[in-house]
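Each chain is listed here by its residues.
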Amino acid sequence: MTSCHCSDKIDRSEQLDKQFFAIMRLDTLDVFAAIVRCGGFRAAAAERGVSSAALSQSIGTLEAALGIRLLNRTTRSVAPTEAGTRLLERLVPALQDIRLAIEDLNQMRERPTGTIRINAPGPAVDHVLCPLAFDFMRAYPDVKVELISDAAIVDIVQQGFDAGVRFGQQLEQDMIAVPLGPPLRYAIVASPGYLERCGTPLAPADLIGRDCVRRRFPGGTTASWRFEKDGASLEITPEGRLTLSSAHQELQAALAGQGLAHVFVDYARPHLNDGSLVELLRDWSPNLPGWFLYYPNRRYPSAAMSAFLHHVREFDWSGHGLTAIRKD
């Protein structure tokens, strides 16, 4: 008895699955509604640009899956049965909702809306994402942009971000990466007052024993300083009494004469231009690859994200003071 009862449940479940997949073919449901609306197979077929036989086959498949007749057919007319009428009462509003939903998507494609959330290190936010986002928001007034400054490497999918920004070697393999901005360059900077007191280093080796402003990352590691010249490269671990956690803080320390700072040249450029900071070891400072914007490998990003990606690829960095860095 119990075995038969379980078997009946399984058969019933399989039947519902077959019915569900048949019903979920929206074209078949739409055909059914069109036939009733048009008053027959021929008129519905003309409206849809197909043959009457094709529509008849679709309806036959749907009725077979449901196990009930939906249309009464005569040589002169077609009308819904009682079951067909009950289905239409639910079906027509549902199809209308689906049409409206698709139309909303079409409008989003033409005029994207929604919010884009991006996780990126502070320097990328300050010097690359901000000018890019400001320009993008002028072009797409219905899109909101949220930029989160974070030096830690996070799971952007788990944290609910649409994209992140990192260097190429820090990217996961299942991410799509787009170059973002021009090449980068670090600069060793100090105030004129500090150099008068402590002297000017002429080579990376001269930095050993100097009061360097150190940077500690969220994971606890301390940033090293890399140099390159005439094919030779070296890396030093800076020494100093002051350890900070952001480029803004390092720049303030250099301006206050606290020591030598190692920052992206974009941070220091205004102060280099007005003479409040001096760049050192310029010929040892190589160009580095720029940032990468990365996002999950999904087939269809949101309309807002698609528009942003297009904007990234078309953005003119030279118009925002971020050109490829040249050796002076």
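The model shown is predicted, which means the values in this text are computed figures rather than measured ones.

Q: Explain the nonpolar core residue by residue, including any values.
A: Judged by nonpolar contacts, the single largest core of 40 residues is most densely connected at Val165, Leu180, Trp291 and Leu293. Among the elements that take part in this core, helix 6 (residues 122-139) stands out by supplying seven residues, more than any other. With residues near it in sequence (within four places) discarded, Val165 still touches Ile118, Asn119, Ala120, Pro121, Ala124, Leu129, Leu180, Trp291, Phe292, Leu293 and Tyr294. Formed by 18 residues, the second largest nonpolar core is a distinct cluster that contains Ala33, Ala44, Ala45 and Leu55.

Q: Talk me through the layout of surface pockets; I want residue IDs and the actual numbers.
A: Counted as a void, the largest pocket has a volume near 1000 Å³. Lining the largest pocket are 44 residues, with Phe167, Tyr186, Phe217, Arg226 and Phe264 positioned closest to its centre. Sorting the residues of the lining of the largest pocket by element identifies helix 6, strand 7 (186-190), strand 9 (225-229), strand 10 (232-236), helix 8 (247-255) and strand 12 (261-264) as the ones contributing at least two each. Counted by class, the lining of the largest pocket contains 22 nonpolar, 15 polar and seven charged residues.

Q: Please provide a residue-by-residue account of the sheet that holds strand 5 (residues 163-166), values included.
A: Overall, mixed pairing links the five strands, which are arranged 4-3-5-14-6 in an open sheet. Edge positions in the sheet fall to strand 4 (143-149) and strand 6 (175-180), since each has one partner strand and no second. On average, each strand axis in the sheet is tilted by 25° relative to the strand beside it, whichever way the strands run. Looking at chain direction, strand 3 (residues 114-120) and strand 5 are connected through two bridges and run parallel. Of the residues in strand 5, the one forming a bridge with Asn119 is Gly164. Each of strand 3, strand 4, strand 5, strand 6 and strand 14 (291-296) is contacted by helix 6, which is oriented at about 175° to strand 4, the strand it contacts most.

Q: Outline the packing of helix 6 against helix 10 (residues 303-314), listing residues and values.
A: Contact pair helix 6 / helix 10: the axes reach a minimum separation of 11 Å and the direction vectors enclose 120°. Viewed along their axes, helix 6 and helix 10 adopt a mutual orientation that is oblique. Handedness of the crossing formed by helix 6 with helix 10: right-handed. Each of Leu132, Asp135, Phe136 and Ala139 in helix 6 lies in contact with helix 10, whose residues at this interface are Ala304, Ala307, Phe308, His311 and Val312. Its residues assigned to classes, the contact of helix 6 with helix 10 shows seven nonpolar, one polar and one charged.

Q: Break down helix 4 (residues 52-66) for me, citing the residues and quoting the values.
A: End to end, helix 4 covers 21 Å across 15 residues, agreeing with the expected 21 Å (1.5 Å per residue, within 8%). When we look at burial in helix 4, the residues that qualify are Leu55, Ile59, Leu62, Glu63 and Ala65. The buried residues of helix 4 occupy an angular sector of 165° when the element is viewed end-on, so they sit on one face. Exposed and oriented more than 90 degrees from the buried face of helix 4 are Ala53, Gln57 and Ala64. Downstream of helix 4 by a residue or two, Gly67 has a phi angle that is positive, lying close to 75°.

Q: Would you mind going over the packing of aromatic side chains in detail, with residue names and values included?
A: Using the criterion set out here, one finds six aromatic pairs in the structure. Here Phe167 and Trp291 contribute two aromatic rings whose centre-to-centre distance is 4.3 Å and whose plane-to-plane angle is 15°, an arrangement assigned as stacked. Of this pair, Phe167 sits in the loop between strand 5 and strand 6 while Trp291 sits in strand 14; the two residues are 124 residues apart in sequence, bridging distant segments of the chain. Owing to a relative accessible area of 4%, Trp291 belongs among the buried residues under this scheme. With centroids separated by 4.3 Å and ring planes inclined at 15°, the aromatic side chains of Tyr186 and Phe264 adopt a geometry described as stacked. Of the two residues, Tyr186 is situated in strand 7 and Phe264 in strand 12; the sequence distance between them amounts to 78 residues. Chaining the aromatic ring pairs together yields one cluster made of Phe167, Tyr186, Phe264 and Trp291. One Lys or Arg, Arg117, reaches over the ring of Phe161 and ends 4.3 Å from the middle of that ring.

Q: Requested: an account of the packing of helix 8 against helix 9 (residues 265-274), with residues and values cited.
A: How two helices pack is summed up by the angle between their axes together with the distance between the axes. Between helix 8 and helix 9, the least distance of the axes is 10 Å, while the angle of their chain directions is 25°. Here helix 8 is positioned roughly parallel relative to helix 9, judged by the angle of their axes. The interaxial crossing formed by helix 8 with helix 9 has right-handed handedness. Listed contacts from helix 9 to Ala247, His248, Leu251 and Leu255 of helix 8 are Tyr267, Ala268 and His271.

Q: Any chance you could break down the sheet that holds strand 12 for me, citing the residues and the numbers?
A: Read across the sheet, three strands follow the order 12-7-13 without closing on themselves; strand pairing throughout is antiparallel. A strand with exactly one partner marks an edge of an open sheet, and here the two such strands are strand 12 and strand 13 (278-280). Within the sheet, the average angular offset between the axes of one strand and its neighbour, ignoring direction, is 50°. Both strand 7 and strand 12 contribute to a ladder of four bridges, which runs antiparallel. Residue pairing across strands places Ile188 opposite His262, the latter belonging to strand 12. Against the sheet, helix 8 makes contact with strand 7 and strand 12, and its axis sits at roughly 130° relative to strand 12, the strand it touches most. Its contacts with the sheet put helix 9 on strand 7, strand 12 and strand 13, and the angle it makes with strand 12 is roughly 105°.

Conventions adopted
Residues numbered from 1 in each chain as written. Predicted model: local features only at pLDDT ≥ 70, side-chain atom pairs only at ≥ 80, totals over all residues. Heavy atoms only, no water. Core = buried A, V, L, I, M, F, W, Y, C linked by side-chain atoms within 4.5 Å. Buried < 20%, exposed > 50% of the residue type's maximum accessible area, 1.4 Å probe, protein only. Helix = DSSP H or I, 4+ residues; strand = E, 2+ residues; numbered from the N terminus. Contact = heavy atoms within 4.5 Å. 1 Å grid on protein atoms, 1.4 Å probe; cavity = no way out; pocket = protein on both sides within 12 Å on 5 of 7 lines; lining within 4 Å. Points joined across faces, edges and corners; volume = space filled by probe spheres on them. Nonpolar A, V, L, I, M, F, W, Y, C, P; charged D, E, K, R; others polar. Pairing = 2+ DSSP bridges. Axes fitted to C-alpha atoms, helices over the stretch in contact; angles between N-to-C directions. Parallel < 35°, antiparallel > 145°, perpendicular 65-115°, else oblique. Left-handed = near helix turned anticlockwise from the far one by under 90°. Expected span 1.5 Å × (residues − 1). Arc of directions from axis to C-beta. Phe/Tyr/Trp six-rings, centres within 6.5 Å; stacked < 30°, edge-to-face > 60°. Lys NZ or Arg CZ within 6 Å of the ring centre and 35° of its normal.

The quantities given are spatial measurements derived from coordinates; they are silent on function.
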